[in-house]
Amino acid sequence: MRAAPGRPPVQVWALWLRATHWALVAAIAVAWFSGEALLRQHQLAGYATLALIAGRCIGGWWGGRYARFRQFVRSPAQVQHYMCEVLARREKRYLGHNPLGGWMVVALLATVTAAGVTGWMYSLDMFWGLAWVEWLHRSLAWTLVALIALHLAGVAFTSWRHRENLVAAMLSGYKRPQEPGDVD
């Protein structure tokens, strides 16, 4: 991160948000790689993801400025405008999530929640052995893999376009200060 001379970086991502993000990354990785071979670890990781998502949603309604859904979940028209700006190579830098990144957060949270709930359903007697529950859980897991790949590609692209290491920002919590033309 390069801050302008005499202008210190600004904290965008609070510690609780960063800890939740990375704990969710770890829980999803454990769930994915444990699978059916280590069913108990898979289940515990799934329950952990649901608890983390619940905490993230609470922060999305009552957390700090850049954690709140109302700050980064933008209208479809704003997302379409942003996509056109990206294609024209003139998109603005956002201090928080850009419009596509905001909807990626929503898609990831919803997919992880749905995968966790279907996994839990499959552990109940009334759903045990039902092919559609297992199919839905696996489909959601693969959808999550695709979304994670898109998320990582978006982070890499945005980091490159705005010359700002977003992974470092998600580790430290800090980004360079707002500059003229940036969106707060």
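Shown above is the structure to which this text applies.
Residues numbered from 1 in each chain as written. Predicted model: local features only at pLDDT ≥ 70, side-chain atom pairs only at ≥ 80, totals over all residues. Heavy atoms only, no water.

### Some points on the environment of Leu152
Structurally, the position occupied by Leu152 is in helix 6 (residues 131-161). Distance in space between the C-alpha atoms of Leu152 and Val167 is 9.6 Å, their sequence separation being 15 residues. (Helix = DSSP H or I, 4+ residues; strand = E, 2+ residues; numbered from the N terminus.)

### Let's talk about helix 6
Between its terminal C-alpha atoms helix 6 stretches 44 Å, which fits the 45 Å expected from 31 residues at 1.5 Å a residue. On the buried face of helix 6, the contacting elements are helix 1 (15-34), helix 5 (99-122) and helix 7 (166-172). Following helix 6 by one or two positions, Arg163 adopts a phi angle in the positive range, close to 50 degrees. (Expected span 1.5 Å × (residues − 1). Contact = heavy atoms within 4.5 Å.)

### Considerations on the packing of helix 1 against helix 2 (residues 39-62)
Running from amino to carboxyl end, helix 1 crosses helix 2 at an angle of 155 degrees, the nearest separation of the two axes being 8 Å. The angle between the axes of helix 1 and helix 2 places the two elements in the roughly antiparallel class. You can see that helix 1 and helix 2 cross each other, and the crossing is left-handed. Two secondary-structure elements touch here, helix 1 through Trp16, Leu17, Thr20, Ala23, Leu24, Ala27, Ile28, Val30, Ala31 and Ser34 and helix 2 through Gln41, His42, Ala45, Ala48, Thr49, Leu52, Ile53, Gly55, Arg56 and Gly59. Looking at side-chain class alone, the contact of helix 1 with helix 2 contains 12 nonpolar, 7 polar and 1 charged residues. (Axes fitted to C-alpha atoms, helices over the stretch in contact; angles between N-to-C directions. Parallel < 35°, antiparallel > 145°, perpendicular 65-115°, else oblique. Left-handed = near helix turned anticlockwise from the far one by under 90°. Nonpolar A, V, L, I, M, F, W, Y, C, P; charged D, E, K, R; others polar.)

### Notes on the pattern of salt bridges
Scanning the entire structure with this criterion turns up 9 salt bridges. Here Glu179 ties to Arg176 by a salt bridge, and the two come within 2.9 Å at their closest N and O atoms. Given a relative accessible area of 5%, Arg176 falls into the buried group. Members of the salt-bridge network, linked through shared partners, are Arg93, Glu164, Lys175 and Asp182. (Salt bridge = Lys/Arg side-chain N within 4 Å of Asp/Glu carboxyl O. Buried < 20%, exposed > 50% of the residue type's maximum accessible area, 1.4 Å probe, protein only.)

### Digging into a nonpolar patch on the surface
Judged by side-chain polarity, Trp22, Val25, Val167 and Leu171 come together as a nonpolar surface patch covering roughly 340 Å² of accessible area. Every element with two or more residues in the nonpolar patch is listed here: helix 1 and helix 7. For Val167, the location among the structural elements is in helix 7. (Patch = residues over 30% accessible without salt bridge, like charges linked within 9 Å, V, L, I, M, F, W, Y side chains within 5 Å. Areas by Shrake-Rupley, 256 points an atom, 1.4 Å probe, with all protein chains shown as cover.)

### Digging into unusual backbone geometry
Its identity as a non-glycine residue notwithstanding, Arg89 has a phi of 60 degrees, on the positive side. At Arg163, a position not held by glycine, the phi torsion is positive, near 50 degrees. Locating Arg163 in the fold gives a position in the loop between helix 6 and helix 7. Residue classification places Arg163 among the exposed positions, given a relative accessible area of 61%.

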